[in-house]
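# Structural characterization, general
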Amino acid sequence: MEDFEDDARALGARGHRRSVSRGSYQLQAQMNRAAYDERSPGSVVPTSVAEASRAMAGDTTLSENYAFAGMYHVFDQHVDEAVPKVQFANDDKHLLACCSLDGTISVCQLAPAPPAVLRVLRGHSRGVSDFAWSLSNDVLVSTSLDATMRIWAAGEGKCIRQIPDPDGAELLCCVFQPMNNNLTVVGNGKHNLHVVNISTGKKVKGGSSKLTGRVLALSFDAPGRLLWAGDDRGSVFSFLFDMATGKLTKAKRLVVQEGSSITSISARSWVSREARDPSLLINACLNKLLLYRVVDNEGTLQLKRSFQIQQDSHPVRSIFCPLMSFRQGACVVTGSEDMCVYFFDVERASRAIVNKLQGHSAAVLGVSFNCDESLLASSDAKGMVIVWRREQK
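First, a word on scope: everything that follows refers to the structure included in this document. (Residues numbered from 1 in each chain as written. Predicted model: local features only at pLDDT ≥ 70, side-chain atom pairs only at ≥ 80, totals over all residues. Heavy atoms only, no water.)

The next subject is the overall build of the protein chain. Along its length, the protein chain carries four helices and 29 strands. Put simply, the protein chain has 393 residues, and 59% of those count as buried. Summing over all exposed atoms, the protein chain offers an accessible surface of approximately 15,600 Å²; the carbon and sulfur share of this is 48%. (Helix = DSSP H or I, 4+ residues; strand = E, 2+ residues; numbered from the N terminus. Buried < 20%, exposed > 50% of the residue type's maximum accessible area, 1.4 Å probe, protein only. Areas by Shrake-Rupley, 256 points an atom, 1.4 Å probe, with all protein chains shown as cover.)

Before going further, it helps to spend a moment on the sheet that holds strand 14 (residues 202-210). Across the sheet, which stays open at both edges, the four strands sit in the order 11-12-13-14 with antiparallel pairing between neighbours. Edge strands, defined here as strands with exactly one partner in the open sheet, are strand 11 (171-177) and strand 14. Between one strand axis and the next, the sheet turns through 20° on average, direction left out of account. As paired strands, strand 13 (residues 192-197) and strand 14 are joined by five bridges and run antiparallel to one another. By the bridge assignment for strand 14, asparagine 197 is matched with lysine 202. (Pairing = 2+ DSSP bridges. Axes fitted to C-alpha atoms, helices over the stretch in contact; angles between N-to-C directions.)

A few words on the side chain of histidine 78. Considering the arrangement of structural elements, one finds histidine 78 in the loop between strand 2 (68-75) and strand 3 (85-88). Looking at histidine 78, the relative accessible area reads 2%, which means it is buried. A polar contact is formed between the side chain of histidine 78 and the side chain of aspartate 102, at a distance of 2.9 Å. Other than its neighbours up to four places away in sequence, histidine 78 contacts Val83, Cys98, Ser100, Asp102, Thr104, Ser106, Lys382 and Gly383. (Polar contact = N/O pair within 3.5 Å; in protein donor to acceptor, adjacent residues only side chain to side chain. Contact = heavy atoms within 4.5 Å.)

One face of the sheet, then the other: side chains in a regular strand alternate in exactly this way. When you tally the buried positions in strand 4 (residues 95-99), you get five out of five residues, the bulk of the element. Of the two faces of strand 4, the one holding Leu95, Ala97 and Cys99 and the one holding Leu96 and Cys98 are both buried throughout. In terms of strand pairing, strand 3 meets strand 4 through four bridges, oriented antiparallel. Bridge pairing links phenylalanine 88 to leucine 96 in strand 4. The loop that links strand 3 with its antiparallel partner strand 4 comprises six residues; one of these, aspartate 91, has a positive phi angle of about 50°. Note: strand 4 against strand 5 (residues 105-109), five bridges, orientation antiparallel. Residue cysteine 99 lies in a different strand from strand 5, and its bridge partner there is isoleucine 105. Between strand 4 and strand 5, which pair antiparallel one after the other, the connecting turn spans five residues, and glycine 103 there sits at a positive phi close to 95°.

What follows deals with the pattern of salt bridges. Scanning all chains against the criterion turns up nine salt bridges. We note a salt bridge from lysine 85 to aspartate 130, for which the minimum N-O separation is 3.2 Å. Note that lysine 85 is positioned in strand 3 and aspartate 130 in strand 7 (residues 128-133), a separation of 45 residues in sequence. For aspartate 130, a relative accessible area of 4% gives the class buried. The residue glutamate 373 makes a salt bridge to arginine 390 at a minimum N-O spacing of 3.8 Å. Remark: arginine 390 occurs in strand 29 (residues 385-390) and glutamate 373 occurs in the loop between strand 27 (364-369) and strand 28 (375-380); sequence separation between them is 17 residues. Taken individually, glutamate 373 and arginine 390 each receive the classification buried, so the pair is uniform in this respect. Through salt bridges with shared partners, a single network forms among Arg126, Glu170, Arg214 and Asp232. (Salt bridge = Lys/Arg side-chain N within 4 Å of Asp/Glu carboxyl O.)

A separate point is the environment of glutamine 109. Along the polypeptide, glutamine 109 turns up in strand 5. Here glutamine 109 falls in the partly exposed class, since its relative accessible area comes to 28%. Taking the C-alpha atoms as reference points, glutamine 109 and lysine 93, 16 residues apart in sequence, are found 9.3 Å from one another. Discounting chain neighbours no more than four positions away, the residues touching glutamine 109 are His94, Pro115, Ala116 and Leu118. A polar contact is formed between the side chain of glutamine 109 and the backbone oxygen of alanine 111, at a distance of 3.3 Å.

Given two aromatic rings, one states the distance between the centres and the angle between the planes to describe the pair. Summed over the entire model, instances satisfying the criterion amount to nine aromatic pairs. Relative to phenylalanine 369, the ring of tyrosine 66 lies with its centre 5.9 Å away and its plane at 45°, an arrangement referred to as tilted. Here tyrosine 66 is found in the loop between helix 4 (62-65) and strand 2, whereas its partner phenylalanine 369 is found in strand 27, with 303 residues between them in sequence. Note on tyrosine 66: relative accessible area 1%, which makes it buried. Overall, the relative accessible area of 7% leaves phenylalanine 369 in the buried class. An angle of 85° between the planes, with centres 5.4 Å apart, marks the rings of phenylalanine 220 and phenylalanine 241 as edge-to-face. You can see phenylalanine 220 sitting in strand 15 (residues 215-220) and its partner phenylalanine 241 sitting in strand 17 (residues 235-241), a full 21 residues away along the chain. Take phenylalanine 220 and phenylalanine 241: they sit in the same class, and that class is buried. Through a chain of ring-to-ring contacts, three or more aromatic side chains come together here, namely Tyr66, Phe68, Phe343 and Phe369. We note lysine 85 situated over the ring of phenylalanine 131; from NZ or CZ to the ring centre the distance is 5.3 Å. (Phe/Tyr/Trp six-rings, centres within 6.5 Å; stacked < 30°, edge-to-face > 60°. Lys NZ or Arg CZ within 6 Å of the ring centre and 35° of its normal.)

Set out below in structure tokens:
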């Protein structure tokens, strides 16, 4: 990966060093490997002797756990326009939202029956490219091709604030700072990242940076100290985030493949005693889903696994399964341009597909599990949202 030696860190600024414990990622990985050296070298999944955690997850195999009984419900209020993202609310089983290129966001409730659209958030004049739930689920932030971000009261469906992009460019992605939901990071079509205070509507001083292309994907690590950003030129950048000031410091750059858009980034910290290295899941337009290991506290990435899917041009997304660290084996889920949803076991050396869901009539773009994995939602390029019900054992 490329190093950025001419940034503020190399010139003596120490703010990011205070907020990131030096060597924390290396230390975590070394301790985990030392404790469980019976695993294959570099394994990134919980160990086979994790009896307590396996019991918490039902002690089932991945194939058994990710068997689905069929469709629970289909939402079609956005038909004819792509739904680029669908996401369950945090720690919630039945509250779901999705954004559409028709310029609206739907908030849906799956229980009590029958499932229904609670409210439609209207205000953007062009397509909504991304949105995010706040930690408490009371606020939604959205970005749009109309060059604005909007802050919504999720319970009422009212727009609290409209914030124009500082560069007047299409806004393409957004993410809340996980430890401070007053701050949101947005990426735009003029290659820029901005940290925005949603209470004041102002961008944070020192919280802007430029990438090599249009910024399409963002993800924080769990502590909120590392931010990764992907662009349409095939690069993934890591940034150190100053928790006190909101300042960004560019750290590393990885070129996944020149010219292949990075459409999704998901970070996962392995915090249990049975877990291994922090990991990053990346979708890129090269017909592969990529799993990277985070090897140091500056976000350096090392490729661990790749999985074959169909993705050449659409903004396909993927996720880690919520209960991933509590069972033997580890599973990730992704959309695909062949109209299917794929489940991959990251531990299997071959035949990694655990399950494949068919039912969409267009490229599957977004996927999201609810908190207990009883329901999975997926969205496609024709505006259909399908909620799948997992088989109950």
